[in-house]
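Report on the structure
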Amino acid sequence: MDLEPAPAPPRRWLDALPDAAKRAIRPAVWAYIQAGAGEGLTAAEAGAAWREVRFRTRVLRGGGGADLRTTMLGSQVASPIGIAPTAMQRAVHPAGERAMAEGVGAGTLHVVSSNCGTRFDELGAAGPWWLQAYLPPQRDLFRPVVDAAVAAGAQAVVLTVDTPYPGTKYGVDEEDWSSIDLGWWRTNYPEGDVGDWKTDLTLDDVGWLREAAGVPVVVKGVLRGDDALRCLDAGADAIYVSNHGGRQLDRSISTATALREVVASVAGRAEVYVDGGIRSGADVLAALALGARGVLVGRPAVWALGLEGAEGVARLLADLGSELTECLELAGCSSPAEAADLP
Ligand SMILES: Cc1cc2nc3c(=O)[nH]c(=O)nc-3n(C[C@H](O)[C@H](O)[C@H](O)COP(=O)(O)O)c2cc1C
């Protein structure tokens, strides 16, 4: 007789989402989305690090319900849960970033990858959106890209600094990509080959981008307090703690760990955002409790897009938002900001 209990059925739509999305997304693209770099240790550890955080809940504060509204770098948002920049959305869903923007709707921050396959003026964003930037080897070639984004309404630029080149992801290239048309890759770049990545980024590039963009600059990929301060001194307006979803240096520390140090060093000088392994309202509460102003979700948004298009993205955000509301209310907090002294 088999004494192993049958695996419990998923309780939440979110729990069932990865398996359902895997069936909807072509295998090569799925492998690309899921991949962590190296052995995948950092990618695998992300969620557990949030689940280790425990809350000193507050009581006898009158309740009355939690209001998720906040601001991120001056942008009004309906909740502190935004969408992280991810490439390949048009390989996941024919309408790509447009469907993502539709699902995001008016109230949520949407960070759009500079590698994206949709023209910025056709994005149709109803709410705040920021451009994510990978600088090309000759950074001046990025000016038309950032100009087009700002003209189309981008309110800030997120400079990704953890990717001098993509970390090795085993298995992805061995997949069959022959049926996947990537002709839309980097559609917002001017004609011609601009090269891939600027491999020698320095603090000077932060200041340069701030000047070139004329809108606030957020630095993404920071894992240390000293680097966060260097970025702010160089002209950055906010810090985005990320290890790229475990897709760059495997064995990088978890973002939950890094967030503590960065928040302590920044000491209120600037807003700090975080991503990596956020899969529930309780994970969001953990990040807020450790001092994040906002969190961003990467893979879950891509899964939802692949499975149900704009509707899936809207459902993801609604489900995470209602979980966060319950978490805040049970913790005795009426707003995201009040979560800051829970841990
Ligand atoms: C398929 C995929 C594509 C990504 N593309 C980009 C990108 O173009 N620019 C960028 O800064 N980060 C990119 N990232 C990293 C995400 O912005 C984010 O840091 C990470 O996915 C967060 O972890 P999570 O997937 O566990 O939520 C990508 C991640 C994935 C999974």
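Everything here concerns the structure above.
The following refers to the structure shown. Residue numbers run consecutively from 1 along every chain, following the written order of its sequence. pLDDT decides what is reported in this predicted model: residues at 70 or higher carry local features, side-chain atom pairs at 80 or more are listed and counted, and totals for whole chains, interfaces and linings draw on all residues regardless.

1. A few points about the overall build of the protein chain
Each helix and strand counted, the protein chain has 11 helices and 10 strands in total. Every radius of gyration here is taken over C-alpha atoms, with the globule rule written as 2.2 Å times N^0.38, N being the number of residues. At 19 Å, the protein chain has a C-alpha radius of gyration in line with the 20 Å of a compact globule built from 343 residues. Seen along its three principal axes, the alpha-carbon backbone of the protein chain occupies a region of about 60 × 55 × 35 Å. To assign burial, the other C-beta atoms lying within 10 Å of each residue's own C-beta are counted, with C-beta atoms placed from the backbone; 20 or more indicates buried, 12 or fewer indicates exposed, and intermediate counts indicate partly exposed. The buried share of the protein chain, reckoned over its 343 residues, is 48%. It is the C-beta atoms, placed from the backbone, that decide contacts: two residues are in contact if theirs lie within 7 Å. A sequence separation of at least 24 residues applies to 73% of the contacts in the protein chain between residues at least 6 apart. Where helices and strands are cited, they refer to DSSP runs of H or I of at least four residues and of E of at least two residues respectively, numbered from the N terminus.

2. A closer look at helix α11 (residues 299-330)
Taking 1.5 Å of rise per residue, the 32 residues of α11 would be expected to cover 46 Å, yet its terminal C-alpha atoms sit only 28 Å apart, more than 12% below that figure. Largest kink in α11: about 140°, centred on Glu-308. Phi for Gly-332, located one or two positions after α11, is positive at around 80°. The length a helix should cover is 1.5 Å for every residue beyond the first. The angle between axes fitted to the seven residues ending at a residue and the seven residues starting there is what we call the bend at that residue.

3. Quick word on the pairing of strand β8 (residues 238-241)
Here β8 shows two buried faces, one formed by Ala-238 and Tyr-240 and the other by Ile-239 and Val-241. Of the strand pairs in this sheet, strand β7 (residues 217-222) and β8 are connected by four bridges, and their pairing is parallel. Looking at the pairing, Val-219 lines up with Ile-239 of β8. Considered for its hand, the β-α-β crossover made up of β7, helix α8 (residues 225-233) and β8 is right-handed. For two strands to pair, DSSP has to find at least two bridges joining them. Here four bridges tie β8 to strand β9 (residues 271-275), and the two strands are oriented parallel to one another. Bridge pairing links Val-241 to Val-274 in β9. By convention, a crossover is right-handed whenever its connection, traced from the first strand over the helix to the second and viewed with the strands pointing away, goes clockwise.

4. Regarding the site of the ligand
Here is the check we use: build the C-beta atom from the backbone, and if it is within 6 Å of the molecule or strand, call the residue near. Around the ligand sit 25 residues in total, of which Ala-84, Ser-113, Gly-245, Gly-298 and Arg-299 are the nearest. Sorting the residues of the shell around the ligand by element identifies α2 (27-34) and α11 as the ones contributing at least two each. Residues of the shell around the ligand, tallied by class, amount to 10 nonpolar, 11 polar and four charged. When residues are grouped by polarity, Ala, Val, Leu, Ile, Met, Phe, Trp, Tyr, Cys and Pro land in nonpolar, Asp, Glu, Lys and Arg in charged, and all others, Gly among them, in polar.

5. Regarding the packing of α8 against helix α9 (residues 255-266)
Packed helices, taken two at a time, are described by their axes: the angle between them and the distance between them. Orientation is described by lines fitted to C-alpha atoms, with helices fitted over the stretch in contact, and by angles between N-to-C directions that extend from 0 to 180 degrees. Between α8 and α9, the shortest axis-to-axis distance is 8 Å and the interhelical angle comes to 45°. Between α8 and α9, the angle falls in the class oblique. In this structure, α8 meets α9 at a crossing whose hand is right-handed. Facing α8, whose interface residues are Gly-225, Asp-226, Ala-228 and Leu-229, α9 presents Glu-261, Val-262, Ala-264, Ser-265 and Val-266. Across the contact of α8 with α9, the residue classes tally to five nonpolar, two polar and two charged. Under this scheme an angle from 65 to 115 degrees is roughly perpendicular, one under 35 degrees roughly parallel, and one over 145 degrees roughly antiparallel; angles in between are oblique. A crossing counts as left-handed when the near helix is turned anticlockwise from the far one by less than a right angle, and as right-handed when that turn is clockwise.

6. Examining the environment of Ala-78
Mapped onto the fold, Ala-78 is located in the loop between β2 (75-77) and β3 (81-83). Distance from Ala-78 to Gly-127, taken between C-alpha atoms, is 9.8 Å for residues 49 residues apart in sequence.

7. Details of the nonpolar core
Counting 103 residues, the largest nonpolar core has Val-157, Val-219, Ile-239, Leu-259, Val-272 and Ala-287 as its most contacted members. When residues in this core are grouped by element, the largest group, 13 residues, is from α11. Discounting chain neighbours no more than four positions away, the residues touching Leu-259 are Val-241, Val-272, Val-274, Ala-287, Leu-290, Gly-291 and Ala-292. Each nonpolar core comprises buried Ala, Val, Leu, Ile, Met, Phe, Trp, Tyr and Cys residues, the members being joined through C-beta atoms within 7 Å.

8. What to know about unusual backbone geometry
Even without being glycine, Met-88 reaches a positive phi, approximately 75°. With respect to the helices and strands, the residue Met-88 is situated in the loop between β3 and α4 (89-92). On the basis of neighbour count, Met-88 is assigned to the buried category, with 20 C-beta atoms found within 10 Å. Not every positive phi belongs to a glycine, and Arg-186 is a case in point at roughly 55°. A residue is classified by how many C-beta atoms lie within 10 Å of it, and Arg-186, with 18 of them, is partly exposed.

9. Quick word on the environment of Ala-31
By the secondary structure assignment, Ala-31 is in helix α2. Given 18 C-beta atoms within a 10 Å radius, Ala-31 is considered partly exposed. Between the C-alpha atom of Ala-31 and that of Thr-187, which follows or precedes it by 156 residues, the distance is 23 Å. Non-local contacts of Ala-31, meaning those with residues more than four positions away in its chain, are made with Gly-171, Val-172 and Glu-175.

10. Details of the packing of helix α5 (residues 96-104) against α11
Direction vectors running N to C along α5 and α11 enclose 20°, while the axes themselves pass 7 Å from each other. Classified by the angle between their axes, α5 and α11 sit roughly parallel to one another. Contacts from Ala-99, Met-100, Glu-102, Gly-103 and Val-104 in α5 reach Ala-301, Leu-305, Gly-309, Ala-310, Glu-311, Gly-312, Val-313, Ala-314 and Leu-317 in α11. Partitioned by chemical class, the residues of the contact of α5 with α11 number nine nonpolar, three polar and two charged.

11. Some thoughts on the environment of Glu-174
Structurally, the position occupied by Glu-174 is in the loop between β6 (157-160) and α7 (203-213). The class of Glu-174 is exposed, set by 9 C-beta atoms lying within 10 Å. It is 26 Å that separates the C-alpha atoms of Glu-174 and Gly-276, two residues lying 102 residues apart in sequence.

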